[in-house]
Amino acid sequence: MPSPELSAVHIHPVKSLAACTVAEAAVEPWGLGGDRRWMLVDTTGKVVTQRQQPRMALISAVPAPGGGIVLTAPGRAALTVEVPEPGQTTGVVLHSSRLDVVEAAGSAHAWLGEYLGAEVRLVHLDAPDRRRLIDPAYARPGETVNLADGFPLLLTTLASLDALNALIADGDHAGEGPLPMNRFRPNAVVTGTTAWAEDDWSRLSIGDVTFRVVKPCARCVVTTTDQHTGRRGAEPLRTLARHRRSGKDLLFGQNLIPDSAGVIRVGDPVRVLD
C-alpha cells in the first residue's frame, strides 16, 4: 500500500455554501485560512445552513483579494462582497454559541435572500477575539474555532469513503451511491490508508504541520444533500446508522485541532504520530 498523503484540500469561505478546492492552505490555530469566516443568519440572528436551506449547496463563494468573496449561483449574475468596515457589531447565534459579527452590505443580503426565497443576512467574523472557544472536553484552554460547527478542521479518507460506498451498494438504497466526498464537506482528504484507519489516530502530521485528532465527526442531514442539485435522499445516514453508530451519533471523518501553524499542500505526506 502506498504511504498516506494529502489528496485534496477544501475551504468553505461562507459556512454551508459550496466548497472551494485549493492546492494549498495556511493552517491557523482556529482553522484553514479563508475557511468559514462568513455565514448566513436569519431575521432572529440564528445561523442558516444547508440543514434548513439545501439550495445553499448551489451557491459558490470564491475568495477575492482583501478577504472579500465573489458569490455565484445558477441563473444569477456574480456579486462581489467586500469585507465590511470595522464598526458596529451584531450578536448572532451559532448552534449553542453567541458571538459578535459584522454585517455585509445590504446588496449581499438581497442577492442571497432572492436566490433562497428567504430573508437572510450575510455576516463576517472580523476579529480574532470574537472566535468561539472549542468545547473544553476536547480542547486546551484558550483554543478557538472559526465559524465551523465545532472544530478547526475536518479530515476524511478515501478508503473509508470506498468502504461506505460498498456498504451502500449492498443496502436498500443502492441507487443513491456511490456518493462523492463532497457530501461530507471535509477540509483535508487523505489517500493511501486502510478503511477506517483514522478511527485509531490521536496525533498526525500533514507535511510540517501537526494536529491532534480529537473527536469523530457526527453527521447530519447535510450529508444526504446532493451538492450539485440540492436534492436530498436517504444516504449516507441510513447506512451510517447501521454500521457507524455510536450512541445517537452517526460517524464519518475525524475532527482536528492544529498543534502548529504552517501550510498544507496536496501531495504532502501524512504521518501518524500516535
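Residues numbered from 1 in each chain as written. Predicted model: local features only at pLDDT ≥ 70, side-chain atom pairs only at ≥ 80, totals over all residues. Heavy atoms only, no water.

1. Observations concerning the overall build of the chain
So, point 1. Secondary structure summary: the chain contains 3 helices and 22 strands in total.
So, point 2. Computed over its C-alpha atoms, the radius of gyration of the chain comes to 18 Å, within 12% of the 19 Å expected for a compact globule of 274 residues.
So, point 3. The dimensions of the chain, computed from C-alpha atoms along their principal axes, are 50 × 40 × 35 Å.
So, point 4. Sorting the 274 residues of the chain into buried and exposed places 51% on the buried side.
So, point 5. In the chain, once contacts between residues fewer than 6 apart in sequence are set aside, the share between residues at least 24 apart is 70%.
So, point 6. Split by element, the accessible area of the chain, about 12000 Å² in all, is 51% carbon and sulfur.
So, point 7. Within the chain, one finds 28 positive and 30 negative side-chain charges whose respective centroids are separated by 5 Å. (Helix = DSSP H or I, 4+ residues; strand = E, 2+ residues; numbered from the N terminus. Rg over C-alpha atoms; globule rule 2.2 N^0.38 Å. Buried < 20%, exposed > 50% of the residue type's maximum accessible area, 1.4 Å probe, protein only. Contact = heavy atoms within 4.5 Å. Areas by Shrake-Rupley, 256 points an atom, 1.4 Å probe, with all protein chains shown as cover. Lys, Arg positive; Asp, Glu negative; His and termini not counted. Charge placed at Lys NZ, Arg CZ, Asp CG, Glu CD.)

2. Remarks on unusual backbone geometry
So, point 1. Residue Pro-178 follows Gly-177 across a cis peptide bond; omega there is -5 degrees.
So, point 2. The residue Pro-178 is located in the loop between α2 (158-169) and β16 (188-191) in this model.
So, point 3. Omega for the bond connecting Glu-235 with Pro-236 falls within 30 degrees of zero, at 10 degrees, which places this linkage in the cis form.
So, point 4. Here Pro-236 is to be found in the loop between β18 (209-218) and α3 (237-243).
So, point 5. A positive phi angle, close to 75 degrees, is found at Ser-16, a residue other than glycine.
So, point 6. Turning to its location among the elements, Ser-16 is positioned in the loop between β1 (5-11) and β2 (20-22).

3. Let's talk about the nonpolar core
Inside soluble globular proteins, nonpolar side chains tend to come together where they are buried.
So, point 1. In terms of nonpolar packing, the biggest core is built from 22 residues, with Leu-40, Ile-59, Leu-71, Val-81 and Leu-122 touching the most fellow members.
So, point 2. Listed by contribution, the elements that provide at least two residues to this core are β5 (38-41), β8 (69-73), β9 (76-81) and α1 (106-116).
So, point 3. When neighbours within four sequence positions are excluded, Ile-59 is seen to be in contact with Leu-17, Ala-18, Leu-71, Thr-72, Ala-73, Trp-111, Leu-112, Tyr-115 and Leu-116.
So, point 4. Ranked by size, the runner-up nonpolar core spans 21 residues in total, among them Val-9, Ile-11, Ala-25 and Val-209. (Core = buried A, V, L, I, M, F, W, Y, C linked by side-chain atoms within 4.5 Å.)

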